[in-house]
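# Structural overview
Given next are the chains, with one letter for each unit.
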Amino acid sequence: MYRFLVALLCPIARLLFRIRIEGVENIPRKGGVLLCSNHKSVLDPYLLMMKCPRRVRFMAKDELFTQHGALAGWFLRKMGAFSVHRGEADLHALKTAVGLLQQGELVGIFPQGGCVRDKDISFTPKAGAALVADKAGVAVLPACIYSQGPIRLFSKIVVRYGAPVSAKRFQAAGGYRAGARLLAGEITHLLQQEYRE
């Protein structure tokens, strides 16, 4: 079902937006990996799925499952998403993410905790992603989604995957907040490449 839905959505997305995807070769083909990206819109999970050779299990806010009808919840679960309660330490969601990573899955988290639509390319992610990476002992795959301003119909969108950051680098950073800053630097670097072009 996941592959069918992605195959269905991709041509539609390419008709509605001008999308360029780079760095797919940086995505590890096997093993537990934590995918982390900046967050510009509700379309971001689908943009990251488009050319990803693996299924991505995204952590998504609980409201998407509970406040948009049964069909929306069904669709999200079929796409592999699992819920997180924002604004609190959701231990169940964190344990789910760690468990999936330890089973060799590719898990997606937006470390900003919500959509940030402004033009400032620097941001302060929450420490949860670094915590999950440390507990699972897996590499982190940084990615960025770029558009000039809010994403609208026919916007130019660039999705870029960076080189994976090893678990050892996160552990050497010295704590979850330091790990979050390391992650922020990696994602900001990817965004800056677009601003220089």
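In what follows, the structure referred to is the one given above.
From a predicted model like this one, the values you see are computed outputs, not experimental measurements.

With that out of the way, let us pick up the overall build of the protein. Counting its secondary structure elements, the protein contains eight helices and seven strands. Computed over the C-alpha atoms, the radius of gyration of the protein is 16 Å, within 12% of the 16 Å expected from 2.2 N^0.38 for a compact globule of 197 residues. Reported as C-alpha extents along the three principal axes, the dimensions of the protein are approximately 45 × 45 × 30 Å. Going through the 197 residues of the protein one by one, you find that 49% of them count as buried. Across the protein, the mean location of the 28 positive side-chain charges is 4 Å away from that of the 14 negative side-chain charges.

Where helix H5 (residues 91–102) contacts helix H6 (residues 128–136), the axes come no closer than 9 Å and their chain directions differ by 45°. The angle between the axes of H5 and H6 places the two elements in the oblique class. By crossing handedness, the relation of H5 to H6 is classed as right-handed. From H5, Leu94, Ala97, Val98, Leu101 and Gln102 reach across to H6, where they touch Leu131, Val132, Lys135 and Ala136. Along the lines of polarity and charge, the residues of the contact of H5 with H6 split into seven nonpolar, one polar and one charged.

So, about the environment of isoleucine 19. Counting through the fold element by element, isoleucine 19 comes out in strand E1 (residues 18–22). Taking the C-alpha atoms as reference, isoleucine 19 lies 7.6 Å from valine 159; in sequence the two are 140 residues apart. The residues contacting isoleucine 19, other than those within four sequence positions of it, are Ala13, Arg14, Leu47, Met50 and Ile157.

This structure, assessed with the given rule, holds two aromatic pairs. Plain terms: the ring middles of tyrosine 46 and phenylalanine 75 are 6.2 Å apart, the flat faces sit at 45° to each other, and that makes the pair tilted. Within this pair, whereas tyrosine 46 is found in helix H2 (residues 44–49), its partner phenylalanine 75 is found in helix H4 (residues 69–78), the two being separated by 29 residues in sequence. Here tyrosine 46 falls in the partly exposed class, since its relative accessible area comes to 26%. For phenylalanine 75, a relative accessible area of 22% corresponds to the partly exposed category.

Rules behind the numbers
- Residues numbered from 1 in each chain as written.
- Predicted model: local features only at pLDDT ≥ 70, side-chain atom pairs only at ≥ 80, totals over all residues.
- Heavy atoms only, no water.
- Helix = DSSP H or I, 4+ residues; strand = E, 2+ residues; numbered from the N terminus.
- Rg over C-alpha atoms; globule rule 2.2 N^0.38 Å.
- Buried < 20%, exposed > 50% of the residue type's maximum accessible area, 1.4 Å probe, protein only.
- Lys, Arg positive; Asp, Glu negative; His and termini not counted.
- Charge placed at Lys NZ, Arg CZ, Asp CG, Glu CD.
- Axes fitted to C-alpha atoms, helices over the stretch in contact; angles between N-to-C directions.
- Parallel < 35°, antiparallel > 145°, perpendicular 65-115°, else oblique.
- Left-handed = near helix turned anticlockwise from the far one by under 90°.
- Contact = heavy atoms within 4.5 Å.
- Nonpolar A, V, L, I, M, F, W, Y, C, P; charged D, E, K, R; others polar.
- Phe/Tyr/Trp six-rings, centres within 6.5 Å; stacked < 30°, edge-to-face > 60°.

That is the geometry; function is a separate question.
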